[in-house]
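The primary structure of each chain is shown beneath.
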Amino acid sequence: MAISDTAAIATRASNTARAGIVLMLAALAIAPFVGLYPVFLMKALCFALFACAFNLLLGFGGLLSFGHAMFLGTAGYVSAHAAKVWGLPFELAVLSGTAAAAALGTLVGALAIRRQGIYFAMITLAIAQMMFFFYLQTPFTHGEDGIQSVPRGRLFGVFDLSSTLTMYYVVLIIFALAFLLIYRVIHSPFGQVLKAIRENEPRAISLGYDADRYKLLAFILSATLAGLAGATKSIVFQLASLTDVHWTMSGEVVLMTLLGGMGTIFGPVVGAFIIIGIESYLSDFGEWVTVITGVIFVVCVLAFRRGIVGELSAWWSKHAG
Amino acid sequence: MKRVRGSLIAVAIAGAFAAGAAQAQISDNVVKIGVLSDMSSLYTDLAGAGSVAAARMAVEDSGIEKRGYKVEIVSADHQNKPDVGSAIARQWYDTDKVDVIVDVPNSGVALAVNQITRDKGKAFLVSGAASSDLTGKACSPNTIHWTYDTWMLANGTGGAIVKTGGDTWFFLTADYAFGHALERDTEAVVLKSGGKVLGKVRHPLNTQDFSSFLLQAQASKAKIIGLANAGGDTTNSIKQAAEFGIVKGGQNLAGLLVFLTDVHALGLPTAQGLILTNTFYWDQNDQSRAFAKRFAERDKGIHPTMLHAGVYSAVTHYLKAVEALKSDDGTKVIAKMKETPTDDPLFGKGTIRADGRKIHPAYLVEVKKPAESKGPWDYYKVRATIPADQAFRPLKDGECPLVK
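Bear in mind the structure is a predicted one, so any value in this text is a computation, not a measurement. For every chain, the first residue of the written sequence is number 1, and numbering continues from 1 along that sequence. Chain A is the first chain written and ligand 1 is the first ligand written, with later ones labelled in order. Local features in this predicted model are restricted to residues of pLDDT 70 or higher, and side-chain atom pairs are both shown and tallied only at a pLDDT of 80 or more, whereas totals for entire chains, interfaces and linings draw on every residue.

Helices and strands together make up the secondary structure of chain B, namely 14 helices and 15 strands. A compact globule built from 404 residues would reach a C-alpha radius of gyration of about 22 Å, and chain B, at 22 Å, matches this within 12%. C-alpha extents for chain B along the principal axes are approximately 80 × 45 × 35 Å. Once C-beta atoms are placed from the backbone, each residue is buried if 20 or more other C-beta atoms lie within 10 Å of its own, exposed if 12 or fewer, and partly exposed for counts between those two. By the burial criterion, 56% of the 404 residues in chain B qualify as buried. The helix count covers DSSP runs of H or I at least four residues long, the strand count covers runs of E at least two residues long, and both are numbered beginning at the N terminus. Restricting the calculation to C-alpha atoms gives the radius of gyration, and the globule rule supplies 2.2 Å times the number of residues raised to the power 0.38.

We now examine the domain arrangement of chain B. All names here are of chain B. Reported domain spans reflect what an automatic or database domain assignment gives. By the assigned domains, chain B splits into domain 1 (26-148 + 284-360) and domain 2 (151-278 + 362-391). Relative to domain 2, the C-alpha centre of domain 1 lies at a distance of 27 Å. In this assembly, 23 residues from domain 1 lie in contact with 23 residues from domain 2. For the side of domain 1 that touches domain 2, the element with the most residues is helix α4 (residues 107-120), which contributes three residues. Charged means Asp, Glu, Lys or Arg here, nonpolar means Ala, Val, Leu, Ile, Met, Phe, Trp, Tyr, Cys or Pro, and polar covers whatever is left, Gly included. Of the residues assigned to the side of domain 1 that touches domain 2, the class counts are ten nonpolar, eleven polar and two charged. Contact between two residues is assigned when their C-beta atoms, built from the backbone, lie within 7 Å.

Turning our attention to helix α6 (residues 177-192) of chain B. A turn of α-helix holds 3.6 residues, and therefore any two residues three or four places apart point the same way. Residue and element names in this part refer to chain B. Any helix carries an expected span of 1.5 Å times its number of residues minus one. Relative to the 22 Å expected for 16 residues at 1.5 Å per residue, α6 spans 23 Å between its end C-alpha atoms, a close match to the ideal helical length. Inspection of α6 places Ala-177, Phe-178, Gly-179, His-180, Ala-181, Leu-182, Glu-183, Asp-185, Thr-186, Val-189 and Val-190 among the buried residues, and these make up the whole buried set. Elements in contact with the buried residues of α6: α4, α5 (150-163), β6 (168-174), β7 (196-203) and β8 (224-228). Looking one or two residues past α6, Gly-194 carries a phi angle of roughly 90°, positive in sign.

This next bit is on the sheet that holds strand β1 (residues 30-37) of chain B. Residue and element names in this part refer to chain B. Read from one edge of the open sheet, five strands run β2-β1-β3-β4-β5, paired in parallel fashion. For this open sheet the edge positions go to β2 (70-77) and β5 (143-145), each flanked by a neighbour on one side alone. Direction aside, neighbouring strands of the sheet carry axes that sit 20° apart on average. With axes taken as lines fitted to C-alpha atoms, and helix axes fitted only over the stretch in contact, angles between N-to-C directions fall between 0 and 180 degrees. Its contacts with the sheet place helix α12 (residues 306-325) against β1, β3 (100-103), β4 (123-126) and β5, and it is angled at close to 155° to β3. Strands pair, by our definition, only if DSSP identifies at least two bridges between them.

To continue, consider the pairing of β4 of chain B. Residue and element names in this part refer to chain B. Alternating positions in β4 separate into two faces, Ala-123 and Leu-125 on one and Phe-124 and Val-126 on the other, with burial throughout. Pairing geometry for β3 and β4, over four bridges, is parallel. Its bridge partner being in β4, Asp-103 is matched across the sheet by Val-126. Note: β4 against β5, three bridges, orientation parallel. For Leu-125, the partnering residue across the bridge sits in β5 and is Ile-144.

Turning next to unusual backbone geometry. Residue and element names in this part refer to chain B. Positive phi outside glycine occurs at Val-104, with the angle close to 55°. Assignment of secondary structure puts Val-104 in the loop between β3 and α4. You will see that Lys-300, though not glycine, has its phi angle at about 50°, which is positive. Mapped onto the secondary structure, Lys-300 falls in the loop between α11 (286-298) and α12.

In this section: the packing of helix α2 (residues 48-62) of chain B against α12 of chain B. Residues and elements named next belong to chain B. With their axes 8 Å apart at the nearest point, α2 and α12 run at an angle of 35° to one another. For the element pair α2 and α12, the recorded crossing hand is right-handed. Each of Gly-50, Ser-51, Ala-54, Ala-55, Met-57, Ala-58, Val-59 and Ser-62 in α2 lies in contact with α12, whose residues at this interface are Leu-307, His-308, Val-311, Tyr-312, Val-315, Thr-316 and Leu-319. Tallied by class, the residues present in the contact of α2 with α12 amount to ten nonpolar, five polar and no charged. Rotating anticlockwise by less than a right angle from the far helix to the near helix defines a left-handed crossing, while the corresponding clockwise rotation defines a right-handed one.

Among the nonpolar cores identified, the biggest contains 221 residues, and Ala-48, Leu-49 and Phe-50 of chain A together with Val-315 of chain B are the most heavily contacted of them. At 19 residues, the largest contribution of residues to this core is made by helix α2 (residues 38-61) of chain A. Looking at which domains feed residues into this core, each of domain 1 (26-148 + 284-360) and domain 2 (151-278 + 362-391) of chain B gives three or more. Sequence-distant contacts of Phe-50 of chain A, that is, excluding residues within four places in its chain, are made with Leu-72, Ala-226, Ala-229 and Val-253 of chain A. By definition, a nonpolar core groups buried Ala, Val, Leu, Ile, Met, Phe, Trp, Tyr and Cys residues that are joined through C-beta atoms within 7 Å.

Right, let's talk about the sheet that holds strand β13 (residues 358-359) of chain B for a bit. Residue and element names in this part refer to chain B. Taken in spatial order, the three strands line up as β11-β12-β13 in an open sheet, and their pairing is antiparallel. The sheet is open, and its two borders are formed by β11 (342-344) and β13, each paired with just one other strand. Here β11 runs beside strand β12 (residues 348-352); their pairing, made up of three bridges, is antiparallel. When the bridges of β12 are listed, Asp-343 appears paired with Lys-349.

Once that is clear, we can look at the interface of chain A and chain B. Chain A puts 16 residues into the contact, and the matching count from chain B is 21 residues. Considering only residue class, the side of chain A that touches chain B consists of five nonpolar, eight polar and three charged.

It is worth spelling out the pairing of β12 of chain B at this point. Residue and element names in this part refer to chain B. Once β11 ends, the chain turns through three residues before running back antiparallel as β12. Relative to β13, β12 is paired through two bridges, and the arrangement is antiparallel. Within β13, the position partnered with Thr-351 by the bridge is Ile-359. Connecting β12 to the next strand, β13, in antiparallel fashion are five residues, including Gly-356 with a positive phi near 95°.

Turning our eyes to something else, we now look at the packing of helix α11 (residues 267-281) of chain A against helix α12 (residues 288-303) of chain A. Residues and elements named next belong to chain A. For the pair α11 and α12, interaxial distance at closest approach is 10 Å and the crossing angle is 150°. As the angle between them shows, α11 and α12 are arranged roughly antiparallel. In this structure, the crossing between α11 and α12 has a hand that is right-handed. Here Ile-275, Ile-278 and Glu-279 of α11 lie close against α12, whose contacting residues are Val-289, Ile-292 and Thr-293. In this scheme, roughly parallel covers angles under 35 degrees and roughly antiparallel covers those over 145, while 65 to 115 is roughly perpendicular and the rest are oblique.

On to the confidence of the model for chain B, then. Residue and element names in this part refer to chain B. With 94% of its residues at a pLDDT of 70 or more, chain B has an overall mean of 88. This model gives residues 14-23 a pLDDT under 50, and the stretch forms nine contacts once residues within four places in sequence are excluded. Here the complex is predicted with pTM 0.83, and the ipTM for its interfaces comes to 0.78. pLDDT is defined as a per-residue confidence score from the predictor, taking values between 0 and 100.

Glancing now at the environment of Leu-172 of chain A. Residues and elements named next belong to chain A. Tracing the chain through its elements places Leu-172 in helix α6 (residues 164-186). Its 19 C-beta neighbours within 10 Å are what place Leu-172 among the partly exposed residues. When the C-alpha atoms of Leu-172 and Gly-105 are compared, they prove to be 24 Å apart, with 67 residues separating the residues in sequence. In this structure, Leu-172 is in contact with Leu-28, Ala-29 and Leu-45, ignoring residues within four places of it in sequence.

Below, the structure written as structure tokens:
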């Protein structure tokens, strides 16, 4: 009885989640026509993808990386360079950036997963800082100026991406595919094992799972998807700059994930839209934006620790269940 | 009485017609000026809120609003980040109906805005940024580079220093577009005049601690340490050089870009004797003094730097062109601005070249000794005037694709 009950609840939850995904994508598809500025939406989508990738590692693997900006930024620089200097078309430029992030993720992951908790965070932060200074000094990134005027080009040589709407739908499709991939991973046996490791690593090992292998795979996957976000972002905004590799970017993605709801599927998306929304629409307040986001973070940690989506779904299951 | 009323009605009708005619070509019926500047960081004193005040004064002085045009000014902080600046510019053009962006102190941001403005067919009046690339290989039919540039600074200050015996140089350079351009242009002048460059070191933008860079400069034994940086970076490096006893040790500092507000921040005891190049000084004539007085009342007592004056002058000329064309179409207005000679109370008469370079004289000035100064803001004595035709890079040397 207990088993069939659990199964029923699981089915209902996954049905709700699927309905939620369809609703979210539909809302995003019509968003430019209800007066939302497409460039803002593209930025929010890139960061939503970045936060989802980060959430895969933190929310489902229990690994707090404090250097995820290096994957975002590396992919951004590589794809901007590929598109501008090597003249690669959009899809190849994005792929090469993503591949670079995957390669970097493999190296950093292999090193970092040997430690846990705060030490894991410190190793990723240290490597991210090294990468920052590397990008600050190497000539191809053009220092503070960044790689500017990156051509958007044409998708598959057909769709002209200089049109904002075309670009928006390409970004939306990239986001949707990556989001569905993450959803699939979380609900696969791999995801189950990952969650088991998060809850109790020694127990997962005693059951015969190679915890390090699972953690490394999750790390690489997260780095690759963060790279996809960075590569897309640099082509959309035609600019790859130091902001994307700075440590504050690593902090921002933690904030987005926690605010939206760590370990939930929609949380990072909600968090990213809120943070990017605050930055864009309150930009008149200048430096105060940092203070405002700081206050929101404090309130979030004090008052709703599960994040917005986490609290909502807890409330929902209490009342509906 | 009747006649008065009659003529009032006539004026009103004429005004309505004029307004109707004027608004026909003005997008959204409003000429919208976006002042994109550094509102919070190392360049905020020399541009920042003062640039917004200068733009507003230009609009008021032009009297254009009395003739039926609506002019609106918006401002934003680019935080010296190209990504922030370009996002603002894009949004201004796409959704906020901004017609022209002015100021932008920071060459990295300015180059990004330059490209976006060109893609969107709007207008960009650079007062704050220095890189001579804006009228060189990055020149655009939608951009006018108003106040000064790195070539002018290099030839003014750099040339003067080499002539007085400063023939070995070490550069302390802000590591972004502006610093690179200033270093490149100054190095060319030094080499051409028979000097030597012994070394260079690059520091990140907005650095607080210059000790390791200054020690390298000291060890180079160069006679002149050229500061290819600006704003807070310049004042910090000059102050810290004093702490290291660099000037007492026989080396001299060359501030390649020093603003009035920097001298004010340093104080005359530290800044005295610095040689610098400027295109505007508030204590030049009655008109500039009157402007400075009004400006200081609006901007916390700060006297206008050449960037503030540049914003005023550029907006004044822009509004004239808008009125002449009865249109605020970016590409057309910039073309009109280029073909019309400029004339304003601050820079006097001038012209704008095909590559977008505004031409006016430059002044080589020396910072006064504390005893010579009559009070706050009385800082400069003019040593030489560089005539307009020699102050800026010759048109043919710029490699601007617009010039055939």
